[in-house]
There are 2 protein chains.
Amino acid sequence: MKNNRKQILVLGGGFGGLEFVKNFDSSLADVTLVDKQNHHLFQPLLYQVATASLAAPDIAEPLRTQFSKNKNVRVLMDEVTGIDLNREWVTTPHQSLSYDYLVIAMGGRTNYFGNDDWAKHASGLKTLSDAHRIRNEVLGAFEMAENLAEDSEERRRLMTSVVVGGGPTGVEMAGTLSELAHRYFKRDFRQIDPKQARVILVDAADRILPMYSESLSRKAVKQLEELGVEVLTGQQVESIEARKVVLKNQEIEAENIIWTAGVSANSITDNLDVDKAKGGRLKVLQDCSLPEYGNAFAIGDIAALEDADGQQVPGVAPAAMQMAKHVAKIIEEEIRRGSHGDREKERKAFVYKDKGQMATIGRSRAVASVGGREFSGFPAWFAWLAIHLVMLVGMRNRFTVFTKWIYAYVRNKPGARIIWRTVPSKVKAKREKQGFVL
Amino acid sequence: MKNNRKQILVLGGGFGGLEFVKNFDSSLADVTLVDKQNHHLFQPLLYQVATASLAAPDIAEPLRTQFSKNKNVRVLMDEVTGIDLNREWVTTPHQSLSYDYLVIAMGGRTNYFGNDDWAKHASGLKTLSDAHRIRNEVLGAFEMAENLAEDSEERRRLMTSVVVGGGPTGVEMAGTLSELAHRYFKRDFRQIDPKQARVILVDAADRILPMYSESLSRKAVKQLEELGVEVLTGQQVESIEARKVVLKNQEIEAENIIWTAGVSANSITDNLDVDKAKGGRLKVLQDCSLPEYGNAFAIGDIAALEDADGQQVPGVAPAAMQMAKHVAKIIEEEIRRGSHGDREKERKAFVYKDKGQMATIGRSRAVASVGGREFSGFPAWFAWLAIHLVMLVGMRNRFTVFTKWIYAYVRNKPGARIIWRTVPSKVKAKREKQGFVL
């Protein structure tokens, strides 16, 4: 590495980190991108891996190949174990990396609000492992129900899924799970009737999708109910046990429990001695830098920022990408100028530009709110489809996903109904204990 | 289930079992297909999942969906734990299944020739888990080498792969691994030069691909060497240790060791008290039935048969499929006739029809032997491509795989370079022990 060049260290290859490296003019400085995974994950489509529509490589693109042709960008697959803001270096199990500028873009993790023991009973949906766990368990539950059809109580439990959290991810999961059971599985089983499957969406708030208008929330509920989802709002989860969700007035026995109710910042923030907001998010100034550390920025889900217009920047991909571009410009300008004066005064404040939001519910069903206008049903769904295809990183992925969606739409069959493990061991073990084995 | 109808029980949804159920006239009897996986796996392309070209769902199709429209076919995802040939039933952890006719088509497993402890150092390539393990380890090794570039011995080891076994699978793995390193990775790393990667193919016999002519074997070696593979024939493996292959005159330090040298029958055969051949294969009569059990058949890799023409039936997909059709006809005829007399005399003997064989080596490189004629290079490779596409189960898979291959060919990029786990823990743990962590 040339030592006279500035070193830019980017932690995390999600939407924020990747967008930063793509936008930053690397003729000005050496850029190192560190991620513990070797790939960028297109999280908005993760629920489609969980519900057996897409394969993992369809929504994951190797970080390294993105920058094959740019010799000033180095990609390291390594785990960030410590950040020392005063000494200006970052440690991993394999190396120590010093920096002139640091961009922390390590995203979030599932937040069980202090009930970390719920994690083993209710999978989150943040990683490919989460998605595969859910896919295995959902598909495996129906297979098991087919094997245990004579036991009606067990069968009912096996065919019940609970999704906790009525945000976009929860809505997408509940809608697609219900479609899977009621639409796609209908002819595939002999001993059970997949139409009897229950999918229950639970939220503590009065209504689902609180970031949308009340009228759009209602339309989302209607569309979910058309697909067979039972929507329970105003229901706080009191506890989650093995295959059981306890609400105030009822308990729901369910083989599959999915938790989409909360996100907190990456655990790397736990040991950072700086100002933090709710969920451990790093409070940043309006230029996205950490207070007192002008050469360290936080962007995306790991940052907490009220922007120059006074709005709380939401934890969505477009916000992370906008912050990334903003920070890239700031650093470029300072390097070009060769120095910096009073950072806070000279640097431009970040303004989040809300281009609208959309959540898909199922085949031809969605809600969208764009530029003050609201859509639902087919137009919203079609817009969702188009935008997510365009956003998908990597030409090949875009094409593959497109053909898979077309096929699934025409043939009414999701394409990735592969269970990884063999016979579901959880139920098997239980059965063996009950002496069921002949 | 209607009790007056005959029950046909098929164990295993591989090429043999699936072909049997597809061909059997299920208006004559109820058919139950049992497999511990929920999908048929297209094993000839498994090496492409291992080498990051295809995603798992591309080569796996749910068994259940194949028979959605046929109400006389029942699919159970369950594990066969016992076969009682005298009482005519099969047990699983969840049920007991009695049969009038039994078709055992449970395939094979990796055979370490009595050295089962080698399994933890050298992955086989029979299952999707094997393929993912290999993909993770191969891709992870290069990532780790990039992180440990200053340690030249470690780096050399990380960039070395040994494939044991010069059959078609070994040749395909070695060729594709070498292409991956030398062709695809060349621009992606900064600290290491992937062209220095070594891929070594080891076989105890005098030559690789012994089922082909000597001249074709030589052509295969030449094509492998053009891709950078080192071919070591006449080299018996004496032992395999952690990241080390011991031959008679040398030891090779290698991060990735892949074992394709042997196949034996599924472990279910261990407890079957019948005549067995090498590798635990079930000896069958020329109608494919077990001696003394005229209503139990074994087909595919789990069976050992010298056919009516005196040739040993090979363990390949076309043979399994031909046996499946043969057995389906025999059972259909007996059910139609309503009885059977002297089975051995009345039943037709199976004759294997060898339609030729081919092994791919890399991009535009392959060998083929069809109807006494031999091909190599591009014509053989193109024929291989076309035949494997046509054979692929499921319209959607065929289309997806086709587009991925076209893309990979044109763009020179494999499409599934996703590492599942995070930072490779094996090396990490070792490094931590050495106090490498800062």
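Predicted model, so just to flag it, every value in this text is computed and none were measured.

Turning to the environment of Thr91 of chain A, a few remarks are in order. Mapped onto the elements, Thr91 of chain A comes out in strand E7 (residues 89-91). Here the alpha-carbon distance between Thr91 of chain A and Glu306 of chain A, two residues 215 residues apart in the chain, equals 30 Å.

A few words now on the pairing of strand E14 (residues 237-241) of chain A. All names here are of chain A. Of the pairings in the sheet, the one linking E14 to strand E15 (residues 244-247) comprises 4 bridges and is antiparallel in character. Its bridge partner lying in E15, Glu241 is registered against Lys244. Here E14 folds back onto E15, and the loop between the two strands holds 2 residues, one of which, Arg243, carries a positive phi near 55°.

This part is about the confidence of the model for chain A. Taken as a whole, chain A shows an average pLDDT of 89; of its residues, 91% reach a score of 70 or greater. Ignoring residues within four places in sequence, the model shows residues 424-438 of chain A, a span with pLDDT below 50, making 15 contacts including any to other chains.

This part is about helix H10 (residues 378-391) of chain B. Residues and elements named next belong to chain B. Its 14 residues place the ends of H10 20 Å apart at the C-alpha level, agreeing with the 20 Å of an ideal helix rising 1.5 Å per residue. Those residues of H10 that fall on the buried side of the exposure criterion are Ala380, Trp381 and Trp384. For H10, the angular spread of buried residues about the axis comes to 100°, placing them on one side. Pointing more than 90 degrees away from the buried face of H10 are the exposed residues Phe378, Pro379, Ala386 and Val390. Here the buried face of H10 lies against strand E23 (357-362), strand E24 (365-370) and strand E25 (373-376).

Residue and element names in this part refer to chain A. Where burial is concerned, the two faces of strand E13 (residues 229-232) differ: the one with Val229 and Val231 is buried and the one with Glu230 and Leu232 is not. Two strands pair when backbone bridges link them, and strand E12 (residues 198-202) and E13 are joined in this way by 4 bridges, in the parallel orientation. When the bridges of E13 are listed, Val202 appears paired with Leu232. Once the chain exits E12 it traverses helix H7 (residues 214-226) before rejoining the sheet at E13, and the crossover so formed is right-handed.

To continue, consider the nonpolar core. Among the nonpolar cores identified, the biggest contains 159 residues, and Leu224 and Val367 of chain A together with Leu224 and Val367 of chain B are the most heavily contacted of them. Leave out the neighbours within four places in its chain, and Val367 of chain A touches Leu209, Tyr212, Leu216, Lys219, Ala220, Met358, Ala359, Ser376 and Ala380 of chain A.

Moving on, we get to the sheet that holds strand E20 (residues 289-290) of chain A. All names here are of chain A. The mixed open sheet is built from 6 strands, whose spatial order is E5-E2-E1-E9-E21-E20. The strands lining the two open edges of the sheet, one partner per strand, are strand E5 (73-77) and E20. Judged from the 2 bridges that link them, E20 and strand E21 (residues 293-298) form a sheet pairing that is antiparallel. Directly across from Ser289, in E21, lies its bridge partner Phe297.

All names here are of chain A. Taking 1.5 Å of rise per residue, 21 residues should cover 30 Å, and helix H8 (residues 317-337) covers 31 Å from first to last C-alpha, within 8% of that figure. Taken together, the buried positions of H8 are Ala319, Ala320, Met321, Gln322, Met323, Ala324, His326, Val327, Ala328, Ile330, Ile331 and Glu334. Contacts made by the buried residues of H8 are with strand E1 (6-11), helix H1 (15-23), strand E9 (101-104) and E21. Backbone geometry just after H8 places Gly338 at a positive phi near 85°.

Once that is clear, we can look at the packing of H1 of chain A against H8 of chain A. All names here are of chain A. The N-to-C vectors of H1 and H8 enclose an angle of 35°; their axes lie 8 Å apart at closest approach. When the axes of H1 and H8 are compared, the crossing they make is right-handed. Counted together, Phe15, Gly16, Glu19, Phe20 and Asn23 of H1 and Ala317, Ala320, Met321, Met323, Ala324, Lys325, Val327 and Ala328 of H8 form the full contact between these two elements. When grouped by side-chain class, the residues that make up the contact of H1 with H8 number 9 nonpolar, 2 polar and 2 charged.

Now for the sheet that holds strand E6 (residues 82-84) of chain B. Residues and elements named next belong to chain B. Strand order in the open sheet formed by 3 strands is E6-E7-E8, with antiparallel pairing between adjacent strands. Here the strands that pair on one side only, and so sit at the sheet edges, are E6 and strand E8 (96-98). Geometrically, the sheet is characterised by an average inter-axis angle of 15° between neighbouring strands, direction not taken into account. Bridge count for strand E7 (residues 89-91) against E8 is 3 bridges, and the pairing is antiparallel. Within E8, the position partnered with Trp89 by the bridge is Ser98.

With that settled, the discussion passes to the environment of Arg365 of chain B. Residue and element names in this part refer to chain B. Summarising the element assignment, Arg365 is placed in strand E24. Classification of Arg365 as buried rests on a count of 23 C-beta atoms within 10 Å. The spacing of Arg365 and Lys120 is 245 residues in sequence and 32 Å in space, taken between C-alpha atoms. In contact with Arg365, other than residues within four places in its own chain, are Gly175, Gln223, Gly377 and Trp381.

A few words on unusual backbone geometry. Residues and elements named next belong to chain A. A positive phi angle is found at Phe113, which is not glycine, with a value near 50°. Mapping Phe113 onto the fold places it in the loop between strand E10 (108-110) and helix H4 (128-147). Judged by C-beta crowding, with 12 C-beta atoms within 10 Å, Phe113 ranks as exposed. Backbone geometry places Arg243, a non-glycine residue, at a positive phi of 55°. Take Arg243: it is sitting in the loop between E14 and E15.

Parameters at a glance
- Residues numbered from 1 in each chain as written.
- Chains lettered and ligands numbered in written order.
- Predicted model: local features only at pLDDT ≥ 70, side-chain atom pairs only at ≥ 80, totals over all residues.
- Helix = DSSP H or I, 4+ residues; strand = E, 2+ residues; numbered from the N terminus.
- Pairing = 2+ DSSP bridges.
- pLDDT = per-residue confidence, 0-100.
- Contact = placed C-beta atoms within 7 Å.
- Expected span 1.5 Å × (residues − 1).
- Buried ≥ 20, exposed ≤ 12 C-beta atoms within 10 Å, placed from the backbone.
- Arc of directions from axis to C-beta.
- Right-handed = clockwise from strand over helix to strand, strands pointing away.
- Core = buried A, V, L, I, M, F, W, Y, C linked by C-beta atoms within 7 Å.
- Axes fitted to C-alpha atoms, helices over the stretch in contact; angles between N-to-C directions.
- Left-handed = near helix turned anticlockwise from the far one by under 90°.
- Nonpolar A, V, L, I, M, F, W, Y, C, P; charged D, E, K, R; others polar.

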